[in-house]
Every structure is written in C-alpha cells, then in structure tokens.
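So you can see what is in the structure, the chains are spelled out below.
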Amino acid sequence: MPAGGIAADRVRPARTGTQDFPYWLVALILIAIAAAIAIAASDLYSQIFMTVVQGTWITIYVTIVGFALASTLGLCLALMALSGSIWLRQIARFYTELCRGIPFLVLLFWIAFAGVPAFVALWNSVMTPLREAGLVGELLVRDVSLLWRAIIALTIGYGAFIAEVFRAGIQSVDPGQIEAAKALGLSRTQRFRLIVFPQAMRTILPPLGNDFVTMVKDSSFVSVLGVADITQMGKIYSAGSFRFFETYSIVAYIYLLLTVSLSLMLRALEQRMRRAQR
C-alpha cells in the first residue's frame, strides 16, 4: 500500500455534531431513572412527588394556552411590522421594544395588579349605558382569576419575542417565489397562505420550539400570584414541612422531565421536516 494511502487511512475525518453519539442524553436518562428509583423507594420523596405533581396540569395548561395566544399575537405583530403602512410598522415596533425591555416578573406584577384593575374600570365605564339598561352586569376585579392574569402576562410578554421570530422567518423566503406567485395571479392572502408561510415555517419552527420550552420554565413565575402550578405546590409543601432540599429537588426533576421531553420531540420534528425538504 502506498505511504500516502496509509496516512490517509490513519487520518479520520472529524465527526460533526449531528454524528456524535448522544452521551449527554444517556447521562440524563440514567439520572432520571436513578431519581425515579429513589422516589419510589422513599416514602418521603414519594409523598413530595405526589404533592408537587398535582401542579403539572396547571403548568401545562398555562403554557399551552399562553403559547397559543402569544403565537397568534406574534404573527399579527409580524404582519404589521412587514405591512406597507408606516403606522402599523411603528405600532408593531413600539410594542415589541416596549415589552422586550421590561423584565417578565415586573410585567407579570403590573398586569396582575395594575393592568387588570385598570381594564375593569375602563370596561365598567364604557358599559355604563348597558349596565343601566340591565343588559350586562358589573365586572369586578376578582372576576378575572389570577390564572388568567398569568396567561395574559405570558401572552403579552412572549408575543413580542415570537413576533421577531415570525418576522425573520417570513423575510427569509426567497422574494423570487413571491414574484412568481404574483405572476400567477395569486392574491396577497393566497401568496401568504400557499407560498410564504409554509416555507417560513421551516425557519420559524426551531426558534419557536425553543420559545415553547422556555415558556414551560418561565411559567413557574406564575407561582408568585398563588397559581397552583408545580413551583407553587413545591413552595406550599416546603413551607409546611421545611423539607426544602427534597421538595425543590423534586420540582427540578419534574421540570427537567418536561423540558427535555419537549426538546427531544421538537428536535425529531425538525429533523423530519429537514428530511422532507431534501
């Protein structure tokens, strides 16, 4: 064999990130299994787990509803930012920069304890003729539950970030395809629905999925309003038992199961879409 052939045989091409064996995933699975065994074997950890896990459905509900509303709001803002009207573009930019510049916890408190009461007062003022006619009743601040105040805050806060994801994805579509759609006589709505949006989703999906996973974690902020999510159930149990290490270890374990599972599903969906595109 030629010397060059021997050298070429010894030098192996470096593996890319997509070819690496997922040792990190194996490590996480082993940790999850070990933690599950420890929980099942311990009466204390089992009791904590059964208490904290009751907040899982609230966490999932807040995340799904909040993300659906935030995505709808973000898409509307993105279309406004790309519209031909300077007023719509400026309104979208104003909203995006304003909400992105406020810490989410501050935004949550403002909406829950300032924004909602102000909206209720405005609603009652506008609806005064209808209330006097007996057609509608008076809206009270307590009629807007803390759960929905938290969802509204997630919608308003995340809507600004998701708007930028949609805007970047829409702008990534080749302008030549849009011009071709115009030449075929497609209307603006048809061009967006049939040409632009399906192609933009290939670019939008990865960051949009990241935002969804992040919202699962950020939904823990709603516990400051007393909403009975995973974090709030952990706070209640630890405050009564003083088992802080055990309780918050379980809380972290449940969040880790949710976020890693979602990340793996989103990654699988992204790879499937990439193969379909090829």
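Just above sits the structure.
Residues numbered from 1 in each chain as written. Predicted model: local features only at pLDDT ≥ 70, side-chain atom pairs only at ≥ 80, totals over all residues. Heavy atoms only, no water.

1. A look at the overall build of the protein
Put simply, the rule reads: Numbering of helices and strands runs from the N terminus, with a helix taken as a DSSP run of H or I at least four residues long and a strand as a DSSP run of E at least two residues long. Radius of gyration: over C-alpha atoms. The globule rule applied is 2.2 Å multiplied by the number of residues raised to the 0.38 power. For the exposure calls, accessible area comes from a 1.4 Å probe over protein chains only, and a residue counts as buried if that area is under 20% of its type's maximum, exposed if over 50%, partly exposed in between. Whether two residues are in contact is decided by their heavy atoms, any of which lying within 4.5 Å being enough. Throughout, the Shrake-Rupley method with a 1.4 Å probe supplies accessible areas, and for residues the shown protein chains are the sole cover considered. His residues and chain termini do not enter the charge count, which takes Lys and Arg as positive and Asp and Glu as negative. Here the site of a charge means atom NZ of a Lys, CZ of an Arg, CG of an Asp or CD of a Glu.
Looking only at helices and strands, the protein features 12 helices and zero strands. Reading the protein from its N terminus to its C terminus gives the helix and strand order α-α-α-α-α-α-α-α-α-α-α-α. At 25 Å, the protein has a C-alpha radius of gyration far larger than the 19 Å of a compact globule built from 278 residues. Looking at the protein residue by residue over its 278 residues, the buried ones come to 31%. Considering only intrachain contacts with a sequence separation of at least 6, the fraction spanning at least 24 residues in the protein is 76%. Per element, the accessible surface of the protein, about 16,900 Å² overall, is 67% carbon and sulfur. Considering the protein, the positive charge centre built from 23 side chains and the negative charge centre built from 15 side chains are found 8 Å apart.

2. Points about the packing of helix α3 (residues 43-52) against helix α11 (residues 230-241)
Threshold: Only the stretch in contact is used when a helix axis is fitted, and all axes are lines through C-alpha atoms; the angle between N-to-C directions ranges over 0 to 180 degrees. These descriptions rest on fixed angle ranges, namely under 35 degrees for roughly parallel, over 145 for roughly antiparallel, 65 to 115 for roughly perpendicular, and the rest for oblique. As a working rule, the residues Ala, Val, Leu, Ile, Met, Phe, Trp, Tyr, Cys and Pro are called nonpolar, Asp, Glu, Lys and Arg charged, and the rest polar, with Gly in that last group.
Following both chains from N to C, one finds α3 and α11 inclined at 135°, their axes separated by 8 Å at the closest point. One element, α3, and the other, α11, form an angle in the oblique class. Residues Leu44, Gln47, Ile48, Thr51 and Val52 of α3 form the contact with α11, whose own contacting residues are Ile230, Met233, Gly234 and Tyr237. Grouping the amino acids of the contact of α3 with α11 by side-chain chemistry returns six nonpolar, three polar and no charged.

It is worth stressing that arrangement in space is one thing and function is another; only the former is reported here.
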